[in-house]
Amino acid sequence: MKDKKEILALNAFALESADLSTFEDNLAELLRRREQIFGSLSVLFYQRPLHIVSARGCSILAADGTRYLDFYNNVPSVGHCHPRVTKAVCDQIQRLNINTRYLYRILNDYAEKLLSLFPPELSNLVLTCTGSESNDLALRIVRYFTKGEGFIVSSNAYHGNTAAVTEVSPASYRQGSLPRYVRTVPPPDPLYYGSDVGKGFAEAVAAEIQDLQQAGIPFAGLLVDTIFSSDGVYVDPPGFLQAAVDVVHEAGGLWIADEVQPGFGRTGTMWGFERHGVVPDLVTLGKPMGNGFPMAGIVTRPEYLRAFSEHFGYFNTFAGNPVAAAAGLAVLEVIEEEGLVENASCLGTKLRSWIQDLSTHYPVIGGVRGAGLYLGIDIVDPKDGRPDVRRATRIINALCEEKQILIGATGSLGHILKIRPPLCLQSPEAELFAEALEDVCRASL
Ligand code: PMP
């Protein structure tokens, strides 16, 4: 697609086109130093990047004293700097932190609590430090178990940044093409599949499996984010993945559910795959798992790990260290005690219906999708209903600069607003967002 944007280009600050003379001195100086040190791989959000100093709950404080309402960040998922998590991390790092080749009780306590939240057949856990590492290892496990090579992903998928995972992340490509053993299917959007998304998606997966086989590439599996975040947030109808997973299994493949974005309550259920009513073969976890402490993992069946361990050992120095276990345990306790899954479901439903309502008054809103506190809002040209990337960019930056609310963009073109606040969001904050969105949509007509 000609206008397709690579994932890091979405909502990114462009130094080349910025007029630094309009920025305060200290911001311009920070930007220059950052660019000099990090070079062309440096990425920042917003036309006027934010210099931030602290955060709490859903609020981020900037260096100039401005407070921003965070409607974007899913790493500090139970709330920025949650006191329970910071205390658990501080207490543990003062007592013991070391690699995982020793016994320490807090790791077992954490792992058992985490696994109790999964279907019983998913009874083994591998810990890593990032979502990318989890997906990288999951690809290897699936390849050794199935003896296949080919993977199917959605056409704007993002699954991480290692060499292997970049190859199954079409959203990362600025140029060139995917390797021959990677096939893509369009995201589960009625635009591509008509009214029966589940059937259409399963047929598309079946066609790509056949294509791989015809090319002499044995099929290994299907890797999808269960909320299709980078494709533009697709969750409906509930259960639509079931038929595709059946097709994968019939062909001898396995299904990896990437829960790095939807996991830990975001979608109003603990895991995004619950919406599909089908148990994954492997689940990959990350981002919100330590509420900012880097931790990630894979939950799967013992037989897959056994098959892999016949070929390789796996050791990860930092994964599952005592501090990670303390952070992870505190996160699970907070989710449970503060009722954050229910909060995500309840406030997400309200927010979606308010935005739906706005769409009847403001034709720049072409539609709203999502589950729990992960919503995607299509921004379109009111004249012809076509995706309107420039207007979406204007709305994102107006929310930031005029309303002090942070959101982002998603989808292959970048015209979909990504709404993803911490799960401790309160009703008045949700209302504030809806009002601000109405104001900027009105102004953008
Ligand atoms: N999978 C998905 C769906 C993601 O969104 C991301 C990160 N954006 C990853 C995997 C990779 O996680 P990490 O950046 O922690 O390696």
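Before any of the text, the structure's been laid out above.
A brief report on the enclosed structure follows. These numbers were taken from a predicted model, which means no experiment stands behind them.

How each quantity is defined
- Residues numbered from 1 in each chain as written.
- Predicted model: local features only at pLDDT ≥ 70, side-chain atom pairs only at ≥ 80, totals over all residues.
- Heavy atoms only, no water.
- Near = heavy atom within 4 Å.
- Polar contact = N/O pair within 3.5 Å; in protein donor to acceptor, adjacent residues only side chain to side chain.
- Areas by Shrake-Rupley, 256 points an atom, 1.4 Å probe, with all protein chains shown as cover.
- 1 Å grid on protein atoms, 1.4 Å probe; cavity = no way out; pocket = protein on both sides within 12 Å on 5 of 7 lines; lining within 4 Å.
- Sits in = over half its atoms within 2 Å of the grid points.
- Helix = DSSP H or I, 4+ residues; strand = E, 2+ residues; numbered from the N terminus.
- Nonpolar A, V, L, I, M, F, W, Y, C, P; charged D, E, K, R; others polar.
- Phe/Tyr/Trp six-rings, centres within 6.5 Å; stacked < 30°, edge-to-face > 60°.
- Lys NZ or Arg CZ within 6 Å of the ring centre and 35° of its normal.
- Core = buried A, V, L, I, M, F, W, Y, C linked by side-chain atoms within 4.5 Å.
- Buried < 20%, exposed > 50% of the residue type's maximum accessible area, 1.4 Å probe, protein only.
- Domains from an automatic or database assignment.
- Contact = heavy atoms within 4.5 Å.
- Expected span 1.5 Å × (residues − 1).
- Points joined across faces, edges and corners; volume = space filled by probe spheres on them.
- Axes fitted to C-alpha atoms, helices over the stretch in contact; angles between N-to-C directions.
- Parallel < 35°, antiparallel > 145°, perpendicular 65-115°, else oblique.
- Left-handed = near helix turned anticlockwise from the far one by under 90°.
- Pairing = 2+ DSSP bridges.

This part covers the site of the ligand. Around the ligand lies a shell formed by Thr 130, Gly 131, Ser 132, Asn 135, Tyr 158, His 159, Gly 160, Asp 225, Asp 258, Val 260, Gln 261 and Lys 287. In this structure, an oxygen atom belonging to the ligand sits 2.4 Å away from a side-chain N or O atom of Ser 132. Take Asp 258: an N or O atom from its side chain is 2.7 Å from a nitrogen atom of the ligand. For the ligand, whose accessible area on its own is 390 Å², the fraction buried by protein is 83%. Because more than half of its atoms lie within 2 Å of the grid, the ligand is assigned to the largest pocket. With three residues, the single largest contributor to the shell around the ligand is helix α4 (residues 131-146). Class assignment for the residues of the shell around the ligand results in two nonpolar, seven polar and three charged.

The subject of this paragraph is the packing of aromatic side chains. Under the definition given, this model contains 16 aromatic pairs. Between Tyr 193 and Phe 201, the aromatic rings sit 5.9 Å apart at their centres with planes inclined by 85 degrees, giving edge-to-face as the arrangement. Every member of this aromatic cluster is reached through a ring pair, and the members are Tyr 192, Tyr 193, Phe 201, Phe 228 and Phe 240. Positioned over the ring face of Phe 38 is Arg 34, at 5.7 Å from the centre of the ring. Between the NZ or CZ atom of Arg 420 and the centre of the ring of Tyr 72, over which it lies, the distance is 4.4 Å.

Let's shift gears to the nonpolar core. Ranked by size, the top nonpolar core spans 126 residues in total, and within it Val 205, Leu 417, Phe 433 and Leu 437 carry the most contacts. Ranked by residue count, the leading element in this core is helix α10 (residues 322-337), at 11 residues. Taken domain by domain, this core gets at least three of its residues from each of domain 1 (7-78 + 340-444) and domain 2 (83-337). Those residues in contact with Leu 437 that sit more than four places away from it in its chain are Ile 355, Leu 358, Ile 365, Ile 377, Ile 395, Leu 399 and Leu 417. Within the second largest apolar cluster, six residues are counted, among which are Phe 13, Phe 23, Leu 27 and Leu 31.

Taking 1.5 Å as the rise per residue, helix α7 (residues 197-214) with 18 residues should run 26 Å; its terminal C-alpha atoms sit 26 Å apart, in good agreement. Listed as buried for α7 are Val 197, Gly 198, Gly 200, Phe 201, Ala 202, Ala 204, Val 205, Glu 208, Ile 209 and Leu 212. The inward-facing, buried residues of α7 contact β5 (150-154), β6 (182-185), α6 (190-193), β7 (219-225) and α8 (242-250). Gly 216 sits one or two residues past α7 and shows a positive phi near 80 degrees.

For the structure on display, the rule yields one cavity of 30 Å³ or more. Of the volumes computed, that of the largest cavity is approximately 30 Å³. Around the largest cavity, the lining residues are Ser 154, Ala 157, Tyr 158, His 159, Asp 225, Phe 228, Ser 230 and Asp 231. Its residues assigned to classes, the lining of the largest cavity shows three nonpolar, three polar and two charged.

At a closest axis distance of 10 Å, the pairing of helix α11 (residues 340-361) and helix α13 (residues 427-443) adopts a crossing angle of 20 degrees. Classed by the angle they form, the pair α11 and α13 counts as roughly parallel. Classified by chirality, the crossing of α13 by α11 is right-handed. Here Leu 347, Lys 350, Leu 351, Trp 354, Ile 355 and Leu 358 of α11 lie close against α13, whose contacting residues are Ser 427, Ala 430, Glu 431, Phe 433, Ala 434, Leu 437 and Glu 438. Each residue belonging to the contact of α11 with α13 can be placed in one class, and the counts come to nine nonpolar, one polar and three charged.

Attention shifts here to the pairing of strand β3 (residues 67-70). Where strand β2 (residues 59-62) meets β3, three bridges bridge the pair, whose relative direction is antiparallel. Residue pairing for β3: Ile 60 is matched across the bridge by Tyr 68. Counted between consecutive antiparallel strands, the loop separating β2 from β3 contains four residues, among which Gly 65 sits at a positive phi close to 95 degrees. Bridge count between β3 and strand β13 (residues 405-406): two bridges; the pairing is parallel. Looking across to β13, one finds that Asp 70 is bridged to Leu 406.

Before going further, it helps to examine the environment of Val 53. Secondary-structure assignment places Val 53 in strand β1 (residues 52-56). Judged by its relative accessible area of 53%, Val 53 falls in the exposed class. On a C-alpha basis, the gap between Val 53 and Gly 65 in space is 9.2 Å, while along the polypeptide they are 12 residues apart. Ignoring any residue separated from it by four or fewer positions in sequence, one finds Val 53 in contact with Leu 61, Ala 62 and Ala 63.

Most of strand β11 (residues 365-371) sits inside the fold, with six of its seven residues counted as buried. Examined bridge by bridge, β11 and strand β12 (residues 374-379) share six bridges and lie antiparallel to one another. Across the sheet, the residue bridging to Val 368 is Ile 377, located in β12. Connecting β11 to the antiparallel partner β12 that follows it, the hairpin turn spans two residues, and Gly 372 within it adopts a positive phi of roughly 55 degrees.

The volume enclosed by the largest pocket comes to roughly 1,100 Å³. Considering the residues around the largest pocket, the lining is formed by 40 residues, among which Leu 8, Tyr 72, Tyr 158, Gln 261 and Lys 287 are closest to the centre. Put simply, the parts of the chain that give the lining of the largest pocket at least two residues each are α4 and β14 (408-410). In the lining of the largest pocket, the residues fall into 18 nonpolar, 17 polar and five charged. Each of domain 1 (7-78 + 340-444) and domain 2 (83-337) accounts for three or more of the residues forming the lining of the largest pocket.

Within the secondary structure layout, Asn 397 lies in helix α12 (residues 389-403). Using a relative accessible area of 5% as the deciding quantity, one classes Asn 397 as buried. Contact partners of Asn 397, with chain neighbours within four places excluded, come to Tyr 46, Gln 47 and Glu 402.

By themselves, these are just geometric observations and shouldn't be taken as functional.
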